[in-house]
Amino acid sequence: MSVREIPLFINGEKVRSASNDWRDVVNPATQEVVARVPFATEAEVNEAVAAAKEAFKSWRKVSLVQRMRIMLRFQALVREHTAELAALITEEHGKTLPDAEGEVGRGLEVIEHACSITSLQLGEIAENAAGNVNVYSLQQPLGVGAGITAFNFPIMLPCFMFPLAIATGNTFILKPSEQDPTSTMRLVELAHEAGIPAGVLNVVHGGPDVANQICDHPDIKALSFIGSTHVGTHIYDRAGAAGKRVQSMMGAKNHCVIMPDANRSQAINNVIGSCFGAAGQRCMANSVVVLVGEAKEWLPELIERSTMMIIGPGTQRDADLGPLVSPQARNRVINLIDSGVAEGATLALDGRNVSVEGYPNGNFVGPTIFTDVTPDMRIYHEEIFGPVMCVVTADTLDEAIEFINANPNGNGTSIFTNSGWAARRYESDIDVGQVGINVPIPVPVAFFSFTGSRASKLGDLGPNGKQAIQFWTQTKTVTSRWFEPDDESQGVNTTISMK
């Protein structure tokens, strides 16, 4: 099997990096090296930023209609190449093909939303705000933007960033995860096939040094990050200190409340899919299940259905979950499971020793369920990012809300109920940015903003929707008065009043 070399993408061209630091990209089901990715040099990052800065001079003046047409072509190409993109995701990330196809679909939502740029990037006007004075605002691009993405959604997360950034007239530097970069690179190629000019969208690869250079570079005006809390906090602080506008979408510990009046079958199946899908490698996975009242009697069925999940390579279409992204990720998850046992939680379902026929080297961990979990345990207060469910019980909805609100994270939460009152109470009183009502993974559609909160987010504005338009533009307010040709001045006006 040939090993592909991942290029940089600078000024409209694929560039072989001059770096001496190259890393292997590994198929997590087999441990085969499928690609090699370079960690870009300082000079290469500077070259990418310089290309974006130069391209901004002309791109910012391209009409909204032309930008819309490019986005329309882009979304058509991504839709046409869904199967190809999904296969690349599965090869390097490990998630199942149906899950990868779903990821491409969620990324497409954002590109489709960017196609509406002619109605999104509009200012406001007040005619005759004073005598013969109009006041109006313009939503103008910032300049060079940048994005740093995590490994778990190599198509969707870049789509949360560059389509709207570019559609609003900015140019862009993307640093995707070095663990699964090929699908992201193919996405960028499709963007250029759609007509994005050279220099408008550039890609560099690397680790902390490249990320820090992006944070520090004076020509980058805004930075979007999606990843872990530790890295996201560093990015936010460092880029903010350099004067950048920053958004950091970070870690989570999401809770799903199941009320006793919920549709039992739907609730159990949905929470299992939310927790264990993508092997738990989702920041929006509901990894803590809160069984309220009589719903605690459903626990045996929840465990039984979890044992029936099919584990296999991502290419196995009937598999429910594939491998974790790396041996290091698998070892970390197993270490956390071990800690749960040591700290006194009850291991109701153990996925540590799962084996998949034909794939002895895969990074597989099976569905794992803990009961008797308390907030002081590592399995509760750390984000596991693996197929591990913590089950707790509450006597009432009030008790469940109080328990969840005590957790510092606020990325997402769900409730399963047939009571409109319970749903209304939950959405009102829960201190979490994104709420699902009978929806297991409450990531909103792309024309609404991603609104994680508290310790899960730094920055006022999130990706997607109206907030993304605000993030990638700056408001310029113009106060305008035109005099009649023969209008005589009434003397010097030294006041600040406007009549």
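Because the structure is predicted, anything quoted here is derived from the model rather than measured.

A word on the side chain of T371
As for its position among the elements, T371 is in strand β16 (residues 368-371). Setting aside anything within four residues of it in sequence, one finds T371 in contact with L299, A345, T346, A348 and V391.

Regarding the nonpolar core
In this structure, F74, V78, F162, I166 and F172 are the most contacted members of the largest nonpolar core, which totals 63 residues. Excluding anything up to four places from it in sequence, I166 contacts W59, R67, M71, F172, I196, V200 and L201. Listed in part, the 59 residues of the second largest apolar core include A262, F370, I384 and A394.

Considerations on the UniProt feature "domain: Aldehyde dehydrogenase" (unreviewed entry) in the protein
In this numbering, the UniProt entry assigns the feature "domain: Aldehyde dehydrogenase" (unreviewed entry) to residues 18-478. For residues 18-478, the end-to-end C-alpha separation is 47 Å, with 39% helix and 21% strand making up the annotated structure.

A short note on the sheet that holds strand β1 (residues 4-5)
Spatially, β1-β5-β4 is the arrangement adopted by the 3 strands of the open sheet, whose pairing is mixed. Of all the strands in the sheet, just β1 and β4 (22-26) have a single pairing partner and so form its edges. In terms of strand pairing, β4 meets strand β5 (residues 33-38) through 5 bridges, oriented antiparallel. The partner of V25 across the bridge, within β5, is A35.

Things to note about helix α9 (residues 208-216)
What α9 keeps buried is the set V210, A211, N212, Q213, I214 and C215. Those residues of α9 hidden inside the fold are in contact with α1 (42-59), β8 (144-148), β9 (171-175), β11 (220-226) and α10 (229-241).

Cut-offs used in this document
- Residues numbered from 1 in each chain as written.
- Predicted model: local features only at pLDDT ≥ 70, side-chain atom pairs only at ≥ 80, totals over all residues.
- Heavy atoms only, no water.
- Helix = DSSP H or I, 4+ residues; strand = E, 2+ residues; numbered from the N terminus.
- Contact = heavy atoms within 4.5 Å.
- Core = buried A, V, L, I, M, F, W, Y, C linked by side-chain atoms within 4.5 Å.
- Buried < 20%, exposed > 50% of the residue type's maximum accessible area, 1.4 Å probe, protein only.
- UniProt positions renumbered as here; feature names shortened; annotations may be inferred.
- Pairing = 2+ DSSP bridges.

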